[in-house]
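The chain contents come next:
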Amino acid sequence: MNELLYFSSVDLLIRVDYSPDTNALRYWTNRETDATERRLVEQYLLSEFAARVGFYERAPSLFICMGTDTRLNDELETKKAQEPTSENTSREQRVEAEVRAAIRESMKVYYFERLGDEILAFRHEVEQGASTERIRDAKVRMSQLLGAYNLYSGQRLSLSEVLPADLRDYL
């Protein structure tokens, strides 16, 4: 079994070869690795890859780093050329989702505050003895603001649910 594995966190490509006949697990890297990178690669190979191929089921076993294979650099360049934006695309999608969520939250807060201001203005109109037309206009404005709030909050509140009890009679 021969596989290529890419470790994006350290920009390292490795080729892993497992021979079931000799129970040998060998790997090559595309470049020299430092101790931390080597530990990362070997930890992954021994915990994930070796368990998957049955490396621990037989004894004796052989695990060895064969060094560097410069041909892997060509493989790495080909892989990067084929998927130049996969990592950037996922990052962009995540950022776009976070921006949309922030905008949605901001708009929800905005319409909530505007609705509160409109309710206070409606109370003032009622206390001042506003005409039926002004009350109807205030009701339309509050309904529009509540509709926008519901859109951004994902709720389905009605005007009678958000108005204080003493103002519901004017609807």
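In this text the structure is predicted, and so the values were computed from the model without any measurement.

A. Quick peek at the nonpolar core. Among the nonpolar cores identified, the biggest contains 16 residues, and Leu-115, Ile-119, Phe-122, Met-142, Leu-163 and Leu-167 are the most heavily contacted of them. Among the elements that make up this core, the one with the highest residue count is helix α4 (residues 132-153) (seven residues). Sequence-distant contacts of Leu-167, defined by excluding residues within four places in its chain, comprise Ile-119, Phe-122, Arg-123 and Val-126. Residues Val-16, Tyr-27, Ala-50 and Val-53 belong to the second largest nonpolar core, which totals 14 residues.

B. Broad picture of the packing of aromatic side chains. Applying the stated criterion across every chain, the model contains seven aromatic pairs. Residues Tyr-27 and Phe-63 carry aromatic rings whose centres are separated by 5.9 Å and whose planes lie at 35 degrees to one another, so their mutual orientation is tilted. Here Tyr-27, found in strand β3 (residues 24-29), pairs with Phe-63, found in strand β4 (residues 62-68); they are 36 residues apart in sequence, far enough to count as distant. Given a relative accessible area of 1%, Tyr-27 falls into the buried group. The partly exposed category is assigned to Phe-63, whose relative accessible area is 25%. Judged by centre distance (5.1 Å) and plane angle (75 degrees), the ring pair of Tyr-110 and Tyr-111 falls under edge-to-face. A relative accessible area of 37% means that Tyr-110 is categorised as partly exposed. Clustering of aromatic rings is evident, with ring pairs tying together Tyr-18, Phe-55 and Tyr-56. We note Arg-15 situated over the ring of Trp-28; from NZ or CZ to the ring centre the distance is 4.1 Å.

Conventions we followed
Residues numbered from 1 in each chain as written. Predicted model: local features only at pLDDT ≥ 70, side-chain atom pairs only at ≥ 80, totals over all residues. Heavy atoms only, no water. Core = buried A, V, L, I, M, F, W, Y, C linked by side-chain atoms within 4.5 Å. Buried < 20%, exposed > 50% of the residue type's maximum accessible area, 1.4 Å probe, protein only. Helix = DSSP H or I, 4+ residues; strand = E, 2+ residues; numbered from the N terminus. Contact = heavy atoms within 4.5 Å. Phe/Tyr/Trp six-rings, centres within 6.5 Å; stacked < 30°, edge-to-face > 60°. Lys NZ or Arg CZ within 6 Å of the ring centre and 35° of its normal.

These results come straight from atomic positions and should not be treated as a statement about function.
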